[in-house]
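Working through the structure, step by step
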Amino acid sequence: MTAVHAPGTPVIEDGRLVSTSPATGAEAGRLPLATPTDVARAVDRARGAGQWWAGLGFAGRRERLLRWRSLLARRIEELAALVHTEGGKPVADAVVEILTAIEHVDWAARNARRVLGPRRVRSRLILAEFSAHLEYQPYGVVGVIGPWNYPVFTPLGSAAYALAAGNAVVFKPSEYTPAVGQWLVDTFAEVVPEHPVFTAVHGLGDVGAALCRSGVDKLAFTGSTATAKKVMAACAESLTPVLVEAGGKDAMIVDSDADLDAAAEACVWGALTNAGQTCIGIERVYAAEPVFDAFVGKVVERAGRLTVGAEGADIGPITMPGQLDVIRRHIDDALARGGRAVLGGADAVRPPYVHPTVLVDVPEDSDAVREETFGPTLTVNRVRDADEAVARANALPYGLGGSVFGRRRAMAIARRLRSGMAAVNSTLAFAGMSTLPFGGVGDSGFGRIHGEDGLREFGRAKAVTRRRARSLLPAMTFERTPADVARLVKATKLMYGRRR
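In this text, all values refer to a predicted model and were calculated from it rather than measured experimentally.

1. Looking at the overall build of the chain
- Broken down by element type, the chain carries 17 helices and 21 strands.
- Here the chain has a C-alpha radius of gyration of 26 Å; the compact-globule value for 500 residues is 23 Å, and the two agree.
- Projecting the C-alpha coordinates of the chain onto the three principal axes gives extents of approximately 85 × 60 × 40 Å.
- Taking the contacts inside the chain whose residues are at least 6 apart along the sequence as the reference set, 70% of them involve residues at least 24 apart.
- Of the roughly 21,500 Å² that the chain leaves accessible, carbon and sulfur atoms contribute 55%.
- Distance between charge centroids for the chain: 13 Å, based on 60 positive and 54 negative side chains.

Written out as structure tokens, the structure reads:
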């Protein structure tokens, strides 16, 4: 008897990973399934390729990465169509995702030398006879485990920066979007055909585990907090350093002096884009008492206009079929515990789709408030003021992003959020800002991609000192005399002994 699988569920047939559309069940790709031996071989090949890639220098890598950027831009419609077919994401949202990824490829290529290249560092008076030098050397081979919800933007946020830093990359795409991952690798090979600098291995979780244990020099992971802990445990066996971008439960705070139309527009986008399947998506809102009712009304009016469906709709299907049960459980729990649905509700889950749902008066200890939902749902709760909003927003172990709408106090409120990122009078804007680091705290992970911090994440800091003169205050030598030590004591007191 042949097993029946929900559309979008990865299937293994004859040693190949078969990917299908979550909306229609149409096949999107059929990729070779990697064994642990295959993964090890991919890493071995990447090690040699990485030496060649590093040897190109910053200028050589920049030229090739910018050519790849241009290729991605020219073929954006082709890639967006594949993202839509394989993951169900509306084509317009896929275009925005790819555009943002292209911006990061461009920035990483153009800025790698400035951020990572060799440079002189000022030395201090106590070691004035030495000059100081700093550079960031590539790790060698970086493993990247990518997610399905943003199968272009998120993995390239690691891979492009790792490549710009001089590393080779072995990429394990999500089993829900392997065809997109292979497309990225194949187009890179069109620009860099000489060596396997950027390659992919495909499969389920066991292939990701094999990559963790394959001898990569660093691993960048994006996914759930639970899986992140397994990745870290596997990498700990060999002390392989890890960069983790895990789950989120981001909050928006609407202060009493906020522009409510702008706040509602941004809230609906931040909560419902990509059917709510966004790690930095707005899942909770805390609105100050004086503006609560008006804000909720504006959100419901805008969210209620959105269309749901496979083609040309604002909201597409839930990519991972199993997530439908989580979304349904969160809605049911919120309603059972006294919450009210002012849009959508118990009948919003209609596989493979979920219709926009806005819940109010939801208890803070409910699943819908405390757990990552990853669907087009939103809780909006009333608070006395911004202080109470910050306290509630910071009450969870997650700390990825967040948003604040207001005028007089908005920046101060944003700084108080326990999160790696925050947007003031917008949502999600920090993701597209290539000059800023991206990452979280707590259960949302650690380490940073994007920006200068993202480049440094993929280079080992190498410090070099060089003697340029004889030591006037010899310290690190057995040739020092008692008089030398006395002068050291006197110099220490003169330089550091005064209270300032």
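2. Observations concerning the sheet that holds strand E18 (residues 402–405)
- Strand order in the open sheet made by the 7 strands is E13-E16-E17-E12-E11-E18-E19, with mixed pairing throughout. A single partner strand is all that each edge strand has here, and the edge strands are strand E13 (340–343) and strand E19 (423–424).
- Strand direction decides the pairing type here: strand E11 (residues 250–254) and E18, joined by 4 bridges, are parallel. Looking at E18, one finds that isoleucine 253 is bridged to valine 404.

3. So, the packing of aromatic side chains
- In this structure the tally under the stated criterion is 9 aromatic pairs.
- Consider the rings of tryptophan 68 and phenylalanine 198, whose centres lie 5.9 Å apart with planes at 70 degrees: the pair is edge-to-face. With tryptophan 68 in helix H2 (residues 57–74) and phenylalanine 198 in strand E8 (residues 198–200), this residue pair connects regions lying 130 residues apart in the sequence. Of the two residues, tryptophan 68 and phenylalanine 198, neither departs from the other in class, the shared state being buried.
- Ring geometry for phenylalanine 188 versus phenylalanine 198: centroids 5.7 Å apart, planes at 85 degrees, classification edge-to-face. Separated by 10 residues along the polypeptide, phenylalanine 188 in helix H6 (residues 178–191) and phenylalanine 198 in strand E8 bring together distant segments of the chain. By the burial criterion, phenylalanine 188 is buried, and phenylalanine 198 matches it.

4. Here we look at the packing of helix H3 (residues 76–87) against helix H4 (residues 91–116)
- Contact pair H3 / H4: the axes reach a minimum separation of 8 Å and the direction vectors enclose 125 degrees. The angle between H3 and H4 falls in the class oblique. Where H3 crosses over H4, the handedness of that crossing is right-handed. From H3, Ile76, Leu79, Ala80, Val83 and His84 reach across to H4, where they touch Val91, Ala94, Val95, Glu97, Ile98 and Leu99.
- When grouped by side-chain class, the residues that make up the contact of H3 with H4 number 9 nonpolar, 1 polar and 1 charged.

5. With respect to the pattern of salt bridges
- Taken as a whole, this structure holds 34 salt bridges when the rule is applied.
- For aspartate 255, the salt bridge identified is with arginine 409, shortest N-O distance 2.8 Å. Separated by 154 residues along the polypeptide, aspartate 255 in the loop between E11 and helix H9 (260–272) and arginine 409 in the loop between E18 and helix H14 (410–416) bring together distant segments of the chain.
- With a relative accessible area of 2%, aspartate 255 lands in the buried category.

6. What about the sheet that holds strand E3 (residues 27–32)?
- Ordered by their spatial adjacency, 3 strands build an open sheet running E1-E2-E3, and the pairing between neighbours is antiparallel. Looking along the sheet, the strands with just one partner apiece sit at the ends: strand E1 (11–13) and E3. Between one strand axis and the next, the sheet turns by 30 degrees as a mean value, whatever way the strands run.

7. Brief notes about the environment of arginine 47
- By secondary structure assignment, the location of arginine 47 is in helix H1 (residues 36–55).
- Classification of arginine 47 as partly exposed rests on a relative accessible area of 30%.

8. A few points about unusual backbone geometry
- Here the residue pair proline 351 and proline 352 is connected by a cis peptide bond, since its omega of 5 degrees sits within 30 degrees of zero.
- Along the polypeptide, proline 352 turns up in the loop between strand E14 (349–350) and strand E15 (353–354).
- Positive phi outside glycine occurs at phenylalanine 374, with the angle close to 60 degrees.
- In this structure, phenylalanine 374 sits in the loop between helix H12 (367–370) and strand E17 (377–383).
- On the basis of relative accessible area, phenylalanine 374 is assigned to the buried category, the value being 11%.
- Unlike most non-glycine residues, asparagine 425 shows phi in positive territory, near 55 degrees.
- Locating asparagine 425 in the fold gives a position in the loop between E19 and helix H15 (429–432).

9. A closer look at the environment of proline 90
- With respect to the secondary-structure elements, proline 90 resides in the loop between H3 and H4.
- Through-space distance from the C-alpha of proline 90 to that of alanine 313 is 6.7 Å; in sequence the pair is 223 residues apart.
- Ignoring any residue separated from it by four or fewer positions in sequence, one finds proline 90 in contact with His84, Ala313, Asp314, Ile315 and Gly316.

10. Topic: the state of the cysteines
- Scanning all chains against the criterion turns up 0 disulfides.
- Distance from the sulfur of cysteine 235, which forms no disulfide, to the nearest cysteine sulfur (cysteine 212) is 3.9 Å.
- For cysteine 235, a relative accessible area of 0% corresponds to the buried category.
- With no disulfide of its own, cysteine 267 has cysteine 279 as its nearest cysteine by sulfur position, at a separation of 17 Å.

Reading the values: rules and limits
Residues numbered from 1 in each chain as written. Predicted model: local features only at pLDDT ≥ 70, side-chain atom pairs only at ≥ 80, totals over all residues. Heavy atoms only, no water. Helix = DSSP H or I, 4+ residues; strand = E, 2+ residues; numbered from the N terminus. Rg over C-alpha atoms; globule rule 2.2 N^0.38 Å. Contact = heavy atoms within 4.5 Å. Areas by Shrake-Rupley, 256 points an atom, 1.4 Å probe, with all protein chains shown as cover. Lys, Arg positive; Asp, Glu negative; His and termini not counted. Charge placed at Lys NZ, Arg CZ, Asp CG, Glu CD. Pairing = 2+ DSSP bridges. Phe/Tyr/Trp six-rings, centres within 6.5 Å; stacked < 30°, edge-to-face > 60°. Buried < 20%, exposed > 50% of the residue type's maximum accessible area, 1.4 Å probe, protein only. Axes fitted to C-alpha atoms, helices over the stretch in contact; angles between N-to-C directions. Parallel < 35°, antiparallel > 145°, perpendicular 65-115°, else oblique. Left-handed = near helix turned anticlockwise from the far one by under 90°. Nonpolar A, V, L, I, M, F, W, Y, C, P; charged D, E, K, R; others polar. Salt bridge = Lys/Arg side-chain N within 4 Å of Asp/Glu carboxyl O. Disulfide = S-S within 2.5 Å.

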